Amino acid sequence: MAYDKFTVLKSSAYPLPIENVDTDQIIPARFLKATERKGFGDNLFRDWRYNSDGSPKEDFVLNKSIYSGKILVGGRNFGSGSSREHAAWSVYDFGFRCVISSFFADIFKNNCLNVGVLPVQVSESFLAEIFAEIEKDANTELLVDLEKQEVSLLSTGSKESFDINGYKKENMLNGFDDIDYLQNMKDEIVEFADQRPF
């Protein structure tokens, strides 16, 4: 399933300064019945966003009108717990293209990369600076440059580099998932196969 290319993202962000956010909090298990990557955004952080009667909880960050954007800034150890790929699906389906944290669970990180969400791991000090700037001004913008592997806090000029697997980086720059990557190499694969003896 191809997704939009990720090159440079300039956006405001939603702050979620909570540590150890696990995948069951991101998308509760009762919503894992669907097999398509659609509709999960409605239930992103379902139990934190809504009361039992379905009404939104006014104090939860995704329900606050002062915040907007395509970046979610989370606390340390974001995406821990079970390996459900639906967690990454729900983040993407809500509209986020980037999640910033000081540490990600490996499986969640890879699941994000597979669906077009860029997980950007920064230092604890830079994460704290990002949270502080967003608290001062909800419209604070971040610039995420995948080609340069750099994230900048535009209000202060602070920036940090981040790591990403080269294969996943290339896929994100082109909007490819693993199948798209192989299909893009179809001619090379056929040529190679034709040169092999049976």
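Residues numbered from 1 in each chain as written. Predicted model: local features only at pLDDT ≥ 70, side-chain atom pairs only at ≥ 80, totals over all residues. Heavy atoms only, no water.

Q: Please explain the side chain of Ser102 as it appears in this structure.
A: Take Ser102: it is sitting in the loop between strand 3 (98–101) and helix 4 (106–115). A distance of 3.2 Å separates polar atoms of two side chains, one belonging to Ser102 and the other to Glu124. Sequence-distant contacts of Ser102, defined by excluding residues within four places in its chain, comprise Arg76, Gln121, Val122, Ser123, Glu124 and Leu127. (Helix = DSSP H or I, 4+ residues; strand = E, 2+ residues; numbered from the N terminus. Polar contact = N/O pair within 3.5 Å; in protein donor to acceptor, adjacent residues only side chain to side chain. Contact = heavy atoms within 4.5 Å.)

Q: What should I look at first to understand helix 5 (residues 124–136) in this one?
A: Each α-helix turn comprises 3.6 residues. Residues three or four places apart therefore point the same way. Over its 13 residues, helix 5 extends 19 Å from the first C-alpha to the last, a length consistent with the 18 Å expected when each residue adds 1.5 Å. Burial in helix 5 covers these residues: Phe126, Leu127, Ile130, Phe131, Glu133 and Ile134. Projection of helix 5 onto a plane perpendicular to its axis shows the buried side chains occupying an angular sector of 165 degrees, all on one side. Projecting away from the buried face of helix 5 at angles above 90 degrees are the exposed residues Ser125, Glu135 and Lys136. The inward-facing, buried residues of helix 5 abut strand 1 (8–16), strand 2 (71–74), strand 3, strand 5 (141–145), strand 6 (150–153) and strand 7 (158–161). (Expected span 1.5 Å × (residues − 1). Buried < 20%, exposed > 50% of the residue type's maximum accessible area, 1.4 Å probe, protein only. Arc of directions from axis to C-beta.)

Q: What is the right way to read the sheet that holds strand 3 from this model?
A: Whether parallel or antiparallel, the strands of a sheet pair through hydrogen bonds between backbone atoms. The 7 strands lie next to each other as 4-3-2-1-5-6-7, forming an open sheet whose pairing is mixed. Across the chains shown, the open sheet's two edge strands, defined by having one partner strand only, are strand 4 (118–121) and strand 7. For this sheet the average axis-to-axis angle between neighbouring strands, irrespective of direction, equals 25 degrees. Inspection of the sheet shows strand 2 paired to strand 3 by 3 bridges, in the parallel sense. Across the sheet, Val73 pairs through a bridge with Ile100, a residue of strand 3. (Pairing = 2+ DSSP bridges. Axes fitted to C-alpha atoms, helices over the stretch in contact; angles between N-to-C directions.)

Q: Teacher, can you tell me more about the environment of Cys98 here?
A: Secondary-structure assignment places Cys98 in strand 3. Given the relative accessible area of 0%, Cys98 is considered buried. With 92 residues separating them along the chain, Cys98 and Phe6 place their C-alpha atoms 9.6 Å apart. If we ignore the near neighbours within four places in the chain, the residues touching Cys98 are Phe6, Leu9, Lys70, Ile71, Leu72, Val117, Leu118, Val120 and Val144.

Q: I'm lost on the packing of aromatic side chains in this one. Help?
A: Aromatic ring pairs are described here by two measures, namely the spacing of the ring centres and the angle between the planes. The full count for this structure, using the stated rule, is 9 aromatic pairs. For the pair Tyr14 and Phe96, a centre-to-centre distance of 5.4 Å together with 90 degrees between the ring planes defines the contact as edge-to-face. With Tyr14 in strand 1 and Phe96 in the loop between helix 3 (86–94) and strand 3, the pair connects residues that are 82 residues apart, well separated along the chain. Connected via pairs of aromatic rings, a cluster forms that spans Tyr14, Phe94 and Phe96. (Phe/Tyr/Trp six-rings, centres within 6.5 Å; stacked < 30°, edge-to-face > 60°.)

Q: Teacher, can you tell me more about the pairing of strand 7 here?
A: Residues in a regular strand project their side chains so that they alternate between the two faces of the sheet. As defined by bridge partners, strand 6 adjoins strand 7 across 4 bridges and the pair is classed as antiparallel. Its bridge partner lying in strand 7, Val151 is registered against Glu160. The turn linking strand 6 back onto strand 7 is made up of 4 residues, and Gly157 within it adopts a positive phi angle of 85 degrees.

Q: Before we go on, may I ask you to explain the environment of Leu142 in this structure?
A: Tracing the sequence through the fold places Leu142 in strand 5. Since its relative accessible area comes to 0%, Leu142 is described here as buried. Along the backbone, Leu142 and Leu154 are 12 residues apart, and their C-alpha atoms lie at a distance of 5.8 Å. Among all residues touching Leu142, those that are not within four sequence positions of it are Leu9, Lys10, Ser11, Ala13, Ile71, Val73, Ile100, Ile130, Val151, Ser152 and Leu153.

Q: How do you make sense of the environment of Leu72 when you look at a structure like this?
A: Following the sequence through the fold, Leu72 ends up in strand 2. In this structure Leu72 comes out as buried when scored by relative accessible area, which is 1%. When the C-alpha positions of Leu72 and Cys98 are compared, they lie 6.4 Å apart, and in sequence the two are 26 residues distant. Once you skip the residues sitting within four places of it in the chain, Leu72 turns out to touch Tyr14, Leu16, Phe45, Phe78, Phe96, Cys98, Val99 and Ile100.

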